[in-house]
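Structural description and commentary
So the chains spell out like this:
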Amino acid sequence: YQLNKNILPEIGHYKINALKKLHIQDLANKECEEYNLASKTIKNDIKLISAILEKGIEWELLQSNVAHKVAIPNNKNKPKKEQEIYNNEEIKLLFDALDKEENPFKTMVYVSFYTGARRGEVLALRWKDIDFENNIIKIQQNKVRTVNGTTFKDTKNKRSREFVAPEVLMKRLKEFYNNQDKEEL
């Protein structure tokens with residue numbers, strides 16, 4: 001997908017050994033200025049091109065990697081995504097709908113709602129991460145999908161976080177805890 005969207009239409013007509021650093025830089029600039037892509041997306045595209053060129057060097061088709069040290073433009077025109085915040089009516093609708101759901105789904109949504117934890121962080125919670133006495137939830141890891149199933153990794157920003165949870169959430173967690181396996185949520 002990444003190759004077909006912008007990379008191949010822009011530089012796919014060049015033979016690999018005719019590709020110049022200027023072509024890659026022009027692609028990066030065009031992705032920023034014309035396609036209005038985020039700098040991170042542009043960087044990922046350049047990394048993909050670089051990996052392909054490295055393979056060409058390994059196979060002795062190329063002498064050097066022309067994508068190496070291409071300057072990634074900083075897209076100052078890319079608007080930051082505004083976070084959508086539920087209003088009181090939407091929150092009531094969410095909670096009414098949750099009342100009809102089964103656990104563990106219901107509990108996971110409550111934890112995410114009250115803490116702002118990401119899906120993988122909620123899935124990685126263990127009962128030892130919840131301090132019922134002090135109403136504290138510790139987010140220490142992230143559960144991610146892999147080719148072989150799932151595994152645990154660091155959180156997105158590689159830091160653990162603690163949340164003081166409201167009593168309503170702690171009550172729901174206690175109810176779920178009393179009816180659940182004592183290792184994982």
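Above this note sits the structure.
Let me begin by describing the structure that accompanies this report. It should be emphasised that the depicted structure is a prediction, and the values quoted were computed from it without experimental measurement.

Some points on the pattern of salt bridges
- Summed over the entire model, instances satisfying the criterion amount to eight salt bridges.
- Among the ionic pairs, R161 bridges to E121, the shortest N-O distance being 2.8 Å. Here R161, found in strand 5 (residues 161-164), pairs with E121, found in helix 6 (residues 119-123); they are 40 residues apart in sequence, far enough to count as distant.
- We classify E121 as buried; its relative accessible area is 1%.
- Of the charged contacts in the structure, one is a salt bridge between R126 and D129, with a shortest N-O distance of 3.1 Å.

Quick look at the packing of aromatic side chains
- Going through the model one piece at a time under the given rule, you end up with nine aromatic pairs.
- Here F95 and Y114 contribute two aromatic rings whose centre-to-centre distance is 6.0 Å and whose plane-to-plane angle is 25°, an arrangement assigned as stacked. Linking F95 in helix 4 (residues 88-99) with Y114 in helix 5 (residues 105-115), this pair joins segments that are 19 residues apart in sequence.
- F95 sits in the buried class, given a relative accessible area of 18%.
- Classification of Y114 by relative accessible area gives partly exposed; the value is 27%.
- A centroid spacing of 6.3 Å and a plane angle of 25° characterise the contact between W127 and F132, whose relative ring orientation is stacked.

Overview of unusual backbone geometry
- Note the cis peptide between N103 and P104, where omega equals 10°.
- Tracing the chain through its elements places P104 in the loop between helix 4 and helix 5.
- We note that N36 has phi near 55°; this positive angle belongs to a residue other than glycine.
- When you line up the elements, N36 lands in the loop between helix 2 (21-33) and helix 3 (39-58).
- Taking the relative accessible area as the measure of exposure, N36 reaches 27% and is therefore partly exposed.
- Of note, the phi angle at N135 is positive, near 55°, even though the residue is not glycine.
- Here N135 lies in the loop between strand 1 (130-131) and strand 2 (136-139).
- N135 sits in the buried class, given a relative accessible area of 14%.

Regarding the nonpolar core
- Residues V111, I130, I137, I139, L169, M170 and L173 are the most contacted members of the largest nonpolar core, which totals 18 residues.
- Put simply, the parts of the chain that give this core at least two residues each are helix 4, helix 5, strand 2 and helix 7 (167-178).
- Considering each element in turn, this core owes the most residues, four residues, to helix 7.
- For M170, the contacting residues outside a window of four places in its chain are I130, D131, F132, N135, I137 and A165.
- In this structure, C32, L53, V66 and A67 belong to the second largest nonpolar core, which totals 16 residues.

Here we look at the packing of helix 5 against helix 7
- Two elements in contact, helix 5 and helix 7, have axes whose closest approach is 10 Å; the angle formed by their N-to-C orientations is 155°. Judged by the angle between their axes, helix 5 and helix 7 are roughly antiparallel. Note on packing geometry: the crossing formed by helix 5 with helix 7 is left-handed. Contacts from K106, T107, Y110, V111, Y114 and T115 of helix 5 reach helix 7 at V168, L169, R172, L173 and F176.
- Each residue belonging to the contact of helix 5 with helix 7 can be placed in one class, and the counts come to seven nonpolar, two polar and two charged.

Here's the deal with the side chain of N65
- Examined against the element boundaries, N65 turns out to sit in the loop between helix 3 and helix 4.
- Engagement of the side chain of N65 in a polar contact is seen with the side chain of S50, the distance being 2.8 Å.
- At 2.9 Å, the side chain of N65 and the side chain of E54 are in polar contact.
- With sequence-adjacent residues up to four places away left out, N65 is seen in contact with S50, L53, E54 and I57.

About the cut-offs
- Residues numbered from 1 in each chain as written.
- Predicted model: local features only at pLDDT ≥ 70, side-chain atom pairs only at ≥ 80, totals over all residues.
- Heavy atoms only, no water.
- Salt bridge = Lys/Arg side-chain N within 4 Å of Asp/Glu carboxyl O.
- Helix = DSSP H or I, 4+ residues; strand = E, 2+ residues; numbered from the N terminus.
- Buried < 20%, exposed > 50% of the residue type's maximum accessible area, 1.4 Å probe, protein only.
- Phe/Tyr/Trp six-rings, centres within 6.5 Å; stacked < 30°, edge-to-face > 60°.
- Core = buried A, V, L, I, M, F, W, Y, C linked by side-chain atoms within 4.5 Å.
- Contact = heavy atoms within 4.5 Å.
- Axes fitted to C-alpha atoms, helices over the stretch in contact; angles between N-to-C directions.
- Parallel < 35°, antiparallel > 145°, perpendicular 65-115°, else oblique.
- Left-handed = near helix turned anticlockwise from the far one by under 90°.
- Nonpolar A, V, L, I, M, F, W, Y, C, P; charged D, E, K, R; others polar.
- Polar contact = N/O pair within 3.5 Å; in protein donor to acceptor, adjacent residues only side chain to side chain.

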